[in-house]
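The chain contents come next:
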Amino acid sequence: MTRAERVVRELVGAHGRTYAAEAGITLKDTPQPLYRLLVLSLLLSARIRGSVALATARELHRAGLRDPRGMARAGWQKRVDALGRGGYRRYDERTATQLGAGADLLSERWGGDLRRLRAEADGDVTELRRLLQEFPGIGPAGADIFLREVQDVWPEVAPRLDGKVLAGAERLGLPKDPDRLLRLAGDVQPAVLAAALVRAAIDDEVAEDSLRRAG
């Protein structure tokens with residue numbers, strides 16, 4: 001086994017968990033988990049600690065704000081309160097507004113089902129990325145998060161190893177070529193590999209731990 005293979009093995013073994021899984025989302029190609037991933041992508045794309053975004057996503061679920069109808073019906077104050085309980089206080093009022101508007105948009109344009117948005121893109125990932133950015137609060141970073149996480153259930157997106165992922169690879173001394181990374185990872189799902197490499201890109205401890213484990 002090469003050193004690069006050991007680094008990937010140790011990284012994935014210790015840190016190979018998608019952000020959706022960490023937020024308690026069992027990702028499937030069905031409306032509710034896809035919507036929860038969209039909300040998580042919005043939360044993670046703000047300049048706030050990832051742990052806070054994840055805790056807030058779990059709190060929104062506990063509060064019953066887990067589909068666009070529930071999000072819209074909850075009202076602005078209930079959304080603010082749930083965001084606050086999750087620790088998302090710095091952006092709670094603006095994000096509460098964005099979540100309400102996004103829920104309305106999804107319901108009105110795509111019948112509350114992100115699979116219809118996918119169908120509108122018709123296999124064009126560039127168009128899919130553009131459509132995602134029509135949701136208030138979802139910019140390029142949020143769309144990239146969604147696509148990285150959804151790639152194991154929307155095959156046309158895979159493999160999605162974007163610039164943030166490749167920054168993690170570079171930090172670990174791994175090749176920045178997506179095909180080579182996938183070969184090093186073997187049978188690891190692309191979304192899991194992507195999440196692990198993003199963690200290495202943004203967290204010094206993850207990168208240092210993986211290199212130390214690899215020896």
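All of the points below concern the structure found in this document.

Each value, and the rule that gives it
Residue numbers run consecutively from 1 along every chain, following the written order of its sequence. At least 70 in pLDDT is required for a residue's local features to be given in this predicted model, at least 80 for side-chain atom pairs to be given and counted, and no such filter applies to totals for whole chains, interfaces and linings, which use all residues. For side-chain calculations, the full set of non-hydrogen atoms in the structure is used, while hydrogens and water are omitted. Secondary structure follows DSSP: runs of H or I at least 4 residues long count as helices, runs of E at least 2 residues long count as strands, and numbering of each begins at the N terminus. For the radius of gyration, the atoms used are the C-alpha atoms, and the globule rule reads 2.2 Å times the number of residues raised to 0.38. Burial here depends on accessible area, computed with a 1.4 Å probe over protein chains only, as a share of the maximum for the residue type. Under 20% is buried, over 50% is exposed, and the range in between is partly exposed. Residue contacts are counted whenever heavy atoms from the two residues lie within 4.5 Å of one another. Surface accessibility follows the Shrake-Rupley procedure with a 1.4 Å probe radius. Residue values consider only the protein chains on display as shielding. Here, nonpolar core means buried Ala, Val, Leu, Ile, Met, Phe, Trp, Tyr and Cys residues that are tied together by side-chain atoms lying within 4.5 Å of each other.

If you tally the helices and strands in the protein, you get 14 helices and 0 strands. Seen in sequence order, the protein has helices and strands lined up from the N terminus as α-α-α-α-α-α-α-α-α-α-α-α-α-α. Radius of gyration (C-alpha) of the protein: 17 Å, near the 17 Å computed for a compact globule of 215 residues. Principal axes of the C-alpha set define a box for the protein whose edges measure 55 × 40 × 25 Å. For the protein, the proportion of its 215 residues judged to be buried stands at 49%. Here the contacts in the protein between residues at least 6 apart in sequence split such that 63% fall between residues at least 24 apart. Carbon and sulfur atoms make up 45% of the accessible area of the protein, which totals about 10,000 Å².

Among the structural elements, arginine 183 can be located in helix H12 (residues 178-185). Taking the C-alpha atoms as reference, arginine 183 lies 19 Å from alanine 14; in sequence the two are 169 residues apart.

Counting 71 residues, the largest nonpolar core has Leu40, Leu43, Leu114, Phe146 and Leu197 as the members making the most contacts within it. Filtering out sequence-adjacent residues up to four positions away, phenylalanine 146 remains in contact with Leu34, Leu37, Leu38, Ser41, Leu114, Leu132 and Trp154.

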